[in-house]
Amino acid sequence: QLQSKILILTICAAGIGGTFQYGYNISIINAPTSYIQTFMNETWLERTGIPLESNIILLLWSFTVSAYPLGGLTGAVVAGPMAIMLGRKMSLLLNNVFVIIAAVLSGFSRMAKSFEMIMLSRFFTGVNAGVSMNIQPMYLAESAPKNLRGAVALTSASFTALGLVLGQVVGLRELLGGEESWPFLLASNVVPALIQLTALPWFPESPRYLLIDRGDEESCISALQKLRGNSDLSAELEEMLAEQAAVKGQRAKNPWELFQNPAWRWQLLSIVVLSSAMQLCGNDSMYFYAAYVFQEAGIPQDKIPYVVIGTGSCELITSVTCNVIIDYAGRRPLLLGGYILMAGWAVVFMVALSQQTQISWMPYLSMACIFAYILSFGIGPAGVTGVLPTEVFDQMSRPAAYMICGSLLWFNLFLVGTAFPFIVKSLAHFCYIPFLVVCVCTALYVGFFLPETKGKSFLEISEEFKKRNFKAHTHMVFYKGPEEIKSTML
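Residues numbered from 1 in each chain as written. Predicted model: local features only at pLDDT ≥ 70, side-chain atom pairs only at ≥ 80, totals over all residues. Heavy atoms only, no water.

If you tally the helices and strands in the protein, you get 23 helices and zero strands. What you see for the protein is a C-alpha radius of gyration of 24 Å, in line with the 23 Å of a compact globule of 490 residues. With respect to the three principal axes, the spread of C-alpha positions in the protein is 80 × 50 × 45 Å. Put simply, the protein has 490 residues, and 53% of those count as buried. Excluding contacts between residues fewer than 6 apart, the proportion of contacts in the protein whose partners are at least 24 apart in sequence is 82%. As displayed, the protein offers around 21,100 Å² of accessible surface, 69% of which is attributable to carbon and sulfur atoms. Of the side-chain charges in the protein, 31 are positive and 32 negative, and the distance between the mean point of each set is 4 Å. (Helix = DSSP H or I, 4+ residues; strand = E, 2+ residues; numbered from the N terminus. Rg over C-alpha atoms; globule rule 2.2 N^0.38 Å. Buried < 20%, exposed > 50% of the residue type's maximum accessible area, 1.4 Å probe, protein only. Contact = heavy atoms within 4.5 Å. Areas by Shrake-Rupley, 256 points an atom, 1.4 Å probe, with all protein chains shown as cover. Lys, Arg positive; Asp, Glu negative; His and termini not counted. Charge placed at Lys NZ, Arg CZ, Asp CG, Glu CD.)

If you add up the space inside the second largest pocket, you get close to 290 Å³. For the second largest pocket, the lining is made up of 16 residues, of which Ala 246, Trp 264, Asp 394, Ser 462 and Lys 466 are closest to its centre. (1 Å grid on protein atoms, 1.4 Å probe; cavity = no way out; pocket = protein on both sides within 12 Å on 5 of 7 lines; lining within 4 Å. Points joined across faces, edges and corners; volume = space filled by probe spheres on them.)

As a further point, take the UniProt feature "transmembrane region" (unreviewed entry) in the protein. Here the UniProt feature "transmembrane region" (unreviewed entry) sits at residues 7-24, 56-80, 92-112, 334-353, 365-388, 400-424 and 430-450. Annotated as residues 56-80, this span is 100% helix and 0% strand, and its ends, taken at the C-alpha atoms, are 37 Å apart. In residues 400-424, helix accounts for 100% and strand for 0%; the two terminal C-alpha atoms are 35 Å from one another. (UniProt positions renumbered as here; feature names shortened; annotations may be inferred.)

Turning our eyes to something else, we now look at the packing of aromatic side chains. The way to describe two aromatic rings as a pair is by their centre distance and the angle between their planes. In this structure the tally under the stated criterion is 13 aromatic pairs. For the pair Phe 349 and Tyr 432, a centre-to-centre distance of 5.4 Å together with 80° between the ring planes defines the contact as edge-to-face. Placement of Phe 349 in helix α17 (residues 331-354) and of Tyr 432 in the loop between α20 (398-427) and α21 (433-449) is noted, with a sequence separation of 83 residues between them. Consider the rings of Tyr 373 and Tyr 432, whose centres lie 5.6 Å apart with planes at 90°: the pair is edge-to-face. Separated by 59 residues along the polypeptide, Tyr 373 in helix α18 (residues 362-379) and Tyr 432 in the loop between α20 and α21 bring together distant segments of the chain. Taken together, Trp 266, Tyr 445, Phe 448 and Phe 449 form an aromatic cluster joined through their ring pairs. (Phe/Tyr/Trp six-rings, centres within 6.5 Å; stacked < 30°, edge-to-face > 60°.)

A separate point is the domain arrangement of the protein. How big an interface is tends to be reported as the loss of accessible area on association of its parts. Entries for the protein in the domain assignment read domain 1 (1-233) and domain 2 (257-476). Between domain 1 and domain 2, the residue contacts involve 45 residues of the former and 45 residues of the latter. Summed over the three residues of domain 1 that lose the most area to domain 2, namely Arg 149, Leu 154 and Gln 168, the buried surface amounts to 17% of that side. Joining domain 1 to domain 2, the criterion identifies two salt bridges. One salt bridge connects Arg 149 with Glu 391, and the closest N-O pair in it is separated by 2.9 Å. The tally of links between domain 1 and domain 2 comes to eleven residue pairs in polar contact (both at pLDDT 80 or more). Mapped by element, the contributors of at least two residues to the side of domain 1 that touches domain 2 are α4 (54-86), α6 (116-143), α7 (149-170) and α10 (207-213). Tallied by class, the residues present in the side of domain 1 that touches domain 2 amount to 26 nonpolar, eleven polar and eight charged. (Domains from an automatic or database assignment. Buried area = accessible area lost by both parts, 1.4 Å probe. Salt bridge = Lys/Arg side-chain N within 4 Å of Asp/Glu carboxyl O. Polar contact = N/O pair within 3.5 Å; in protein donor to acceptor, adjacent residues only side chain to side chain. Nonpolar A, V, L, I, M, F, W, Y, C, P; charged D, E, K, R; others polar.)

Moving on, we get to the packing of helix α19 (residues 381-392) against α20. One way to put it is that α19 packs onto α20 with a least axis distance of 8 Å and a crossing angle of 150°. Between α19 and α20, the crossing angle belongs to the class labelled roughly antiparallel. Relative to α20, α19 is oriented so that their crossing is right-handed. Between α19, through Gly 386, Val 387, Pro 389 and Thr 390, and α20, the contact on the second element is made entirely by Arg 398, Tyr 402 and Cys 405. Split by residue class, the contact of α19 with α20 holds four nonpolar, two polar and one charged. (Axes fitted to C-alpha atoms, helices over the stretch in contact; angles between N-to-C directions. Parallel < 35°, antiparallel > 145°, perpendicular 65-115°, else oblique. Left-handed = near helix turned anticlockwise from the far one by under 90°.)

Further remarks concern α7. Look at α7: 32 Å from first C-alpha to last across 22 residues, which is about the 32 Å you get at 1.5 Å a residue. For α7, the tally of buried residues reaches 19 of 22 residues, placing the bulk of the element in the interior. (Expected span 1.5 Å × (residues − 1).)

Here we take up the side chain of Ser 158. Mapped onto the elements of the fold, Ser 158 is located in helix α7. One polar contact links Ser 158 to Asn 323, side chain to side chain, over a distance of 3.4 Å. With residues up to four places along the chain from it excluded, the contact list for Ser 158 reads Leu 316, Ser 319, Val 320 and Asn 323.

Here we take up the state of the cysteines. By definition, a disulfide links the sulfur atoms of two cysteines through a covalent bond. Under the defined criterion, the tally for this structure stands at zero disulfides. Not part of a disulfide, Cys 12 finds its nearest cysteine sulfur in Cys 322, a span of 18 Å. Of all cysteine sulfurs in the structure, the one in Cys 369 sits closest to Cys 431, which takes part in no disulfide; the separation is 12 Å. (Disulfide = S-S within 2.5 Å.)

With that settled, consider the pattern of salt bridges. A full pass over the atoms with the stated rule returns 14 salt bridges. Among the ionic pairs, Arg 208 bridges to Glu 243, the shortest N-O distance being 3.1 Å. Here the residue Arg 208 occupies a position in helix α10, and Glu 243 occupies one in helix α12 (residues 234-246), the gap between them amounting to 35 residues. Just as Arg 208 is buried, Glu 243 falls in that class too. One continuous salt-bridge network, built from bridges that share partners, spans Arg 88, Glu 142, Arg 208, Glu 239, Glu 243 and Arg 398.

The topology assignment puts Gln 168 in helix α7. A residue is classified by how much of its surface remains accessible, and Gln 168, at 13% relative accessible area, is buried. Here the alpha-carbon distance between Gln 168 and Lys 5, two residues 163 residues apart in the chain, equals 30 Å.

Given below as structure tokens:
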């Protein structure tokens, strides 16, 4: 079927220059750490004649690393206005400019003898990731048919995991991870950007954006025909027209308007809880521990990078599995199962770490925990979290919801990155207690308060939340006897 091919190719064209870059740029910075720190010291020595102290080098390095989430936060904030003014597809295309600037800066940094160029490059790379993390799931979920919406939007998580693994592979010493080739490694993110710039213009804009935001029914039908082919479009078009009528006369919302409006109370609480939990659950910190645990398990130092690729591959395998099952299993079971399993593994991991030196087989249990934790994260939280803002907000509120989601995601990434070394220092083997608390609380929230969105139209999901948002309100304010209660039950 040509049409399903067009949808698949649209997913690939959006993904390769979208969330793929997020994963790729997180992992390529790990391989050349020591080389870049040496370069910083040599450059400073050449400029001033005085070498840098080790704590100053560490400070400069932490600035370099934290420039990425700072850029991400900036990208998440500008993504909303970009999606509204330029459209979903054009925003993704324009977003590649940031990566091209970043690649030029990092590629020529050694030649220019400037480590400041690397910091600036990481900031621009972050802006690119911040924009794509918000706009790609929105673009894909709005372009997908209802029965495949979860699976299609979830490909964003699969591309992140693919980027993570490829970044680890390209960062191997045999490829671009050597001392001579690190500027090329940092500039290699220009390749996915050029692929997207070549491929994405051939595919249609989000049909929902064309109809509801632009009011262009003709272009919407043309985009739908490209994506769906000869299948009957009347039901889908009818549903879009109903949503267009529901938001008629409204303009796109700002994030603060969502906070002020009681009609968005539960939707907002849900995405705030889940977006925060995604970074505060400790999955990224597992990668921090991976090298140490593998070393303790007796894996030779020079073989550790290859085993670390296994951890990234775990996330890739589970996010692809999650893609296949999300529209059968539903969103809630995957989120609930993921966080419950992670809570369980966090307990086992802390016990294993504390007994690491006493019992000979404990390092292997720690190793198994790392893989199991990453697998549990990949099967639910990693992907489903990005799908929900599209499903629980209407067309006019969606960009603002993604701005809130993205800002939280990047702020918490920065927070965990900064705080985790101190948590390890103060709690030692029990450093996963804060993450355990987050996993348990999130599982409780999902279990008690999050409704299922599988297979429902955007309007049906809106109605379900409306009942929740105004349930207490209707009982308190409008109680006028039995007839009135009957009417609020409808």
